[in-house]
Amino acid sequence: MSRKRDAFSLDLFRDYQPEPVVERFADDEVRAWSLAGRLSKAVALTIDDSGMTREQIAAAMSEISKSNVSKAMLDAYTSQAKEQNQISAVRLAALVAITGDARALNVLLEEAGLIAIPKKYEALLKRERARELRALLEREEQAADAEWRAKQR
């Protein structure tokens, strides 16, 4: 017999939503016909959400990348009409470093089936990979044992 739910007690976890491990834009935010268009939209949203002016971002990107980045260049990177002016990998990395927002990088990596995650999770990934390898080795060991036993009969 099932127990009735207590309607007078609050459910502490009802509205709880854990923080996403992988930061991404919603698909509708970066929808475009091409990867270049998606990246342009992602760069524009990253800049808009940063709370900094394009001039400030351009100056910081210039310092990090050791090359001149102007506001006009940022304007071109965020324009879908100027697909020939795509942001370089070095400048995208600088934008991520300045804003702390890896979502634009994840838009680019998505096509390759990859993601950018915070470095603090690297040890957890190593642990899970080791567990996968251990399980694979155990299956191989069991298959070899079964083969050995079958040949002994």
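It should be emphasised that the depicted structure is a prediction, and the values quoted were computed from it without experimental measurement.

Brief notes about the packing of helix 2 (residues 54-65) against helix 4 (residues 89-99)
A pair of packed helices can be characterised by two numbers: the angle between their axes and the separation between those axes. Running from N to C, helix 2 and helix 4 point in directions that differ by 120°, and their axes come no closer than 9 Å. Crossing angle aside, the handedness with which helix 2 passes helix 4 is right-handed. Contacts between helix 2 and helix 4 involve Ile57, Ala60, Met61, Ile64 and Ser65 from the former and Val90, Arg91, Ala94, Leu95, Ala97 and Ile98 from the latter. Tallied by class, the residues present in the contact of helix 2 with helix 4 amount to nine nonpolar, one polar and one charged.

Quick notes on the packing of helix 1 (residues 35-50) against helix 5 (residues 103-110)
Remark: helix 1 packs on helix 5, axes separated minimally by 8 Å, with the N-to-C direction vectors making an angle of 170°. Judged by the angle between their axes, helix 1 and helix 5 are roughly antiparallel. In this structure, helix 1 contributes Leu35, Arg38, Leu39, Ala42, Val43, Thr46 and Asp49 to the contact, and helix 5 contributes Arg103, Ala104, Val107, Leu108 and Glu110. Across the contact of helix 1 with helix 5, the residue classes tally to seven nonpolar, one polar and four charged.

Notes on helix 5
The set of residues buried in helix 5 consists of Arg103, Ala104, Asn106 and Val107. Down the axis of helix 5, the sector holding all buried residues measures 160°, keeping them to one side. Buried residues belonging to helix 5 abut helix 1 and helix 4.

So, the pattern of salt bridges
By the definition in use, this model includes 11 salt bridges. When the shortest N-O distance is used, the salt bridge between Lys126 and Glu122 registers 4.0 Å. Of the two residues, Lys126 and Glu122 both sit in helix 6 (residues 122-152), four residues apart, roughly one turn of that helix. Look at Glu122 and you get partly exposed, because its relative accessible area is 35%.

With respect to the confidence of the model for the protein
Confidence in the prediction for the protein averages 88 pLDDT; 95% of positions are at 70 or higher. Mean pLDDT per element in the protein: helix 3 (residues 71-77) is the minimum at 90, and helix 6 is the maximum at 95.

Re the side chain of Arg38
The topology assignment puts Arg38 in helix 1. According to the relative accessible area criterion, Arg38 is buried, its value standing at 14%. Arg38 has contacts with Val30, Arg31, Ala32, Val107 and Glu110, leaving out every residue within four places of it along the chain.

Considering the side chain of Arg54
Positionally, Arg54 belongs in helix 2. A polar contact is formed between the side chain of Arg54 and the side chain of Thr78, at a distance of 3.0 Å. Here Arg54 is in contact with Ile47, Asp48, Lys71, Leu74, Asp75 and Thr78, once residues within four sequence places are set aside.

What counts and what doesn't
Residues numbered from 1 in each chain as written. Predicted model: local features only at pLDDT ≥ 70, side-chain atom pairs only at ≥ 80, totals over all residues. Heavy atoms only, no water. Axes fitted to C-alpha atoms, helices over the stretch in contact; angles between N-to-C directions. Helix = DSSP H or I, 4+ residues; strand = E, 2+ residues; numbered from the N terminus. Left-handed = near helix turned anticlockwise from the far one by under 90°. Contact = heavy atoms within 4.5 Å. Nonpolar A, V, L, I, M, F, W, Y, C, P; charged D, E, K, R; others polar. Parallel < 35°, antiparallel > 145°, perpendicular 65-115°, else oblique. Buried < 20%, exposed > 50% of the residue type's maximum accessible area, 1.4 Å probe, protein only. Arc of directions from axis to C-beta. Salt bridge = Lys/Arg side-chain N within 4 Å of Asp/Glu carboxyl O. pLDDT = per-residue confidence, 0-100. Polar contact = N/O pair within 3.5 Å; in protein donor to acceptor, adjacent residues only side chain to side chain.

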